[in-house]
Amino acid sequence: DQQVKQNSPSLSVQEGRISILNCDYTNSMFDYFLWYKKYPAEGPTFLISISSIKDKNEDGRFTVFLNKSAKHLSLHIVPSQPGDSAVYFCAAQASNTGNQFYFGTGTSLTVIP
Amino acid sequence: EPEVTQTPSHQVTQMGQEVILRCVPISNHLYFYWYRQILGQKVEFLVSFYNNEISEKSEIFDDQFSVERPDGSNFTLKIRSTKLEDSAMYFCASSELAGGPHTQYFGPGTRLTVL
């Protein structure tokens, strides 16, 4: 039951460059999407979210893009910093049917100084 | 900044034993959740809790699991008779709102190891 997929288990990016993390989903009922960042031995930390009525949401260096027709979202980090090195999880919610979040398997981002 | 806390950080138990995992949600939050992550797999929803009742649960949350809010601050997950496959990180989360788009804030997790 892979309703949310992150097909890249890992990504390495040079400091200062753009990091692009991708997420695909299958459930057309999903209408709210979030990105969480997770460091080892810590819980997921909320980063940024987007509602399905938007196609872009920006917060500082982080921008999330949503392409509903493709059932695809992406997280852009510009410029990438070494402190951004973590595992990034995409999560989705069908807010009209419940409060459960569906998570992807995560992408491990390494920003190389 | 308010945060969700969980104890213990690591719990080791023998198969068949009962365990209780504890969480203190953010103080003004009304909705509480448990998720788990088996090593190498995705984070999976177990249960949500509101107004002293389970509001939603997944198929993972069978009769071996129960949740409780024993007082005004703690939220617990009990596993009655642990199995090897219960070994996982268990994350508690809370949210101020629910029933629509909302953000859930996660604790650091309890690593449960069943031997």
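Preceding this paragraph is the structure being described.
Rules behind the numbers
- Residues numbered from 1 in each chain as written.
- Chains lettered and ligands numbered in written order.
- Predicted model: local features only at pLDDT ≥ 70, side-chain atom pairs only at ≥ 80, totals over all residues.
- Heavy atoms only, no water.
- Helix = DSSP H or I, 4+ residues; strand = E, 2+ residues; numbered from the N terminus.
- Rg over C-alpha atoms; globule rule 2.2 N^0.38 Å.
- Buried < 20%, exposed > 50% of the residue type's maximum accessible area, 1.4 Å probe, protein only.
- Areas by Shrake-Rupley, 256 points an atom, 1.4 Å probe, with all protein chains shown as cover.
- Lys, Arg positive; Asp, Glu negative; His and termini not counted.
- Charge placed at Lys NZ, Arg CZ, Asp CG, Glu CD.
- Contact = heavy atoms within 4.5 Å.
- 1 Å grid on protein atoms, 1.4 Å probe; cavity = no way out; pocket = protein on both sides within 12 Å on 5 of 7 lines; lining within 4 Å.
- Points joined across faces, edges and corners; volume = space filled by probe spheres on them.
- Buried area = accessible area lost by both parts, 1.4 Å probe.
- Polar contact = N/O pair within 3.5 Å; in protein donor to acceptor, adjacent residues only side chain to side chain.
- Pairing = 2+ DSSP bridges.
- Axes fitted to C-alpha atoms, helices over the stretch in contact; angles between N-to-C directions.

K.L.:
Please provide a residue-by-residue account of the overall build of chain B, values included.
P.N.:
A tally of regular secondary structure across chain B gives zero helices and 11 strands. For chain B, the α and β elements follow one another from N to C terminus as β-β-β-β-β-β-β-β-β-β-β. Over its C-alpha atoms chain B spans a radius of gyration of 13 Å, differing by no more than 12% from the 13 Å that the globule rule assigns to 115 residues. Based on the C-alpha atoms only, the size of chain B along its principal axes is roughly 35 × 30 × 30 Å. For chain B, the residues scored as buried account for 50% of the 115 residues in total. For chain B, the computed accessible surface area is about 5,800 Å², with 47% contributed by carbon and sulfur atoms. One way to put it: in chain B the 9 positive side-chain charges average out to a point 5 Å from where the 14 negative ones average out.

K.L.:
How would you explain the overall build of chain A if you had to name every residue and give the values?
P.N.:
Helices and strands together make up the secondary structure of chain A, namely zero helices and 11 strands. Mapped from its N terminus to its C terminus, chain A presents α and β elements in the order β-β-β-β-β-β-β-β-β-β-β. In terms of C-alpha radius of gyration, chain A reaches 13 Å, essentially the compact-globule figure of 13 Å for 113 residues. Reported as C-alpha extents along the three principal axes, the dimensions of chain A are approximately 45 × 30 × 20 Å. When the 113 residues of chain A are sorted by exposure, 48% land in the buried category. Taking all contacts inside chain A whose residues are at least 6 apart in sequence as the whole, residues at least 24 apart take part in 54%. In chain A, the 9 positive side-chain charges and the 9 negative ones have mean positions that sit 3 Å from each other.

K.L.:
Requested: an account of the layout of surface pockets, with residues and values cited.
P.N.:
In this structure, the largest pocket spans a volume of roughly 520 Å³. Forming the boundary of the largest pocket are 23 residues, of which Lys38 of chain A together with Gln37, Leu39, Met89 and Arg111 of chain B lie nearest the centre. For the lining of the largest pocket, the secondary-structure elements that each account for two or more residues are strand S9 (86-93) of chain A together with strand S9 (88-95) and strand S11 (110-114) of chain B.

K.L.:
Tell me what's going on with the interface of chain B and chain A, and back it up with residues and numbers.
P.N.:
Contacts between the two partners involve 19 residues from chain B, matched on the other side by 21 residues from chain A. Buried surface at the junction of chain B and chain A, both sides included, amounts to about 1,700 Å², of which 57% is carbon and sulfur. Counting across the interface, chain B meets chain A through six residue pairs in polar contact (both at pLDDT 80 or more). Residue assignment for the side of chain B that touches chain A shows that the elements contributing at least two residues are strand S4 (31-37), strand S5 (43-50) and strand S10 (105-106) of chain B. Counting residues per element, the side of chain B that touches chain A draws most heavily on S4 of chain B, at three residues.

K.L.:
Please give an account of the sheet that holds strand S3 (residues 19-24) of chain B that cites residues and values.
P.N.:
Residue and element names in this part refer to chain B. What the four strands build is an open sheet, ordered S1-S3-S8-S7; its pairing is antiparallel. The open sheet has two edge strands with one neighbour each: strand S1 (5-7) and strand S7 (65-68). Ignoring which end each strand starts from, the neighbouring axes of this sheet average 20° apart. Bridge analysis of S7 against strand S8 (residues 75-79) gives four bridges, and the strand direction is antiparallel.

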